[in-house]
Amino acid sequence: MRYKLTFAVGLAVGYVLGTRAGRERYEQLKKSARQVAQNPAVRNTAETAAHQGREYAGKAYHAVSERVGDHMPESVAGRVRSLKERSAHNGRGDDWGTSNT
């Protein structure tokens, strides 16, 4: 019984000390990540990568659709059409916070 009590007390003390240090470190990491994300060079690079990704995805879609043709299930084709229409009509940033440039 004494060992269980010692273990429980040690666990509680470790938890309390760990959460204090953990929260401070978490806040430091969060602040650093925010500073990096707000850096104009990082934002431009992310937008360029997103733009190139959309271009490559469009090219891949056309290449695949030419080869697959009518063999694509209607559920997949409908989903792709709805995503393209939604992104064309929204005119706002995508889920990643980048612009549709």
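Quick note: structure is the one above.
Every chain is numbered on its own, with residues counted from 1 as its sequence reads. At least 70 in pLDDT is required for a residue's local features to be given in this predicted model, at least 80 for side-chain atom pairs to be given and counted, and no such filter applies to totals for whole chains, interfaces and linings, which use all residues. Calculation of side-chain values draws on the structure's entire complement of heavy atoms; hydrogens and water are dropped beforehand.

Before going further, it helps to spend a moment on the overall build of the protein chain. In this description a helix means any DSSP run of H or I spanning at least four residues, a strand means any run of E spanning at least two, and both kinds are numbered starting from the N terminus. Helix and strand content of the protein chain: 3 helices and 0 strands. The order of α-helices and β-strands along the protein chain, N terminus first, is α-α-α. Three exposure classes are used, based on accessible area relative to the maximum for each residue type with a 1.4 Å probe and protein chains only: buried under 20%, partly exposed in between, and exposed over 50%. The burial tally for the protein chain puts 4% of its 101 residues in the buried class. Looking at the protein chain as shown, the accessible area adds up to about 8,900 Å², and 59% of this sits on carbon and sulfur atoms. Reported accessibility uses the Shrake-Rupley method at a 1.4 Å probe radius. Residues are deemed covered only where the shown protein chains occlude them.

Candidates for patches are residues over 30% relative accessible area with no salt bridge; among them, like charges are joined within 9 Å and nonpolar side chains (Val, Leu, Ile, Met, Phe, Trp, Tyr) within 5 Å. Throughout this description, the term salt bridge denotes a Lys or Arg side-chain nitrogen within 4 Å of a carboxyl oxygen of Asp or Glu. A cluster of nonpolar side chains, contributed by Leu 5, Val 9, Val 13 and Leu 17, occupies part of the molecular surface with about 380 Å² of accessible area. Among the secondary structure elements, Leu 17 is positioned in helix H1 (residues 2–37).

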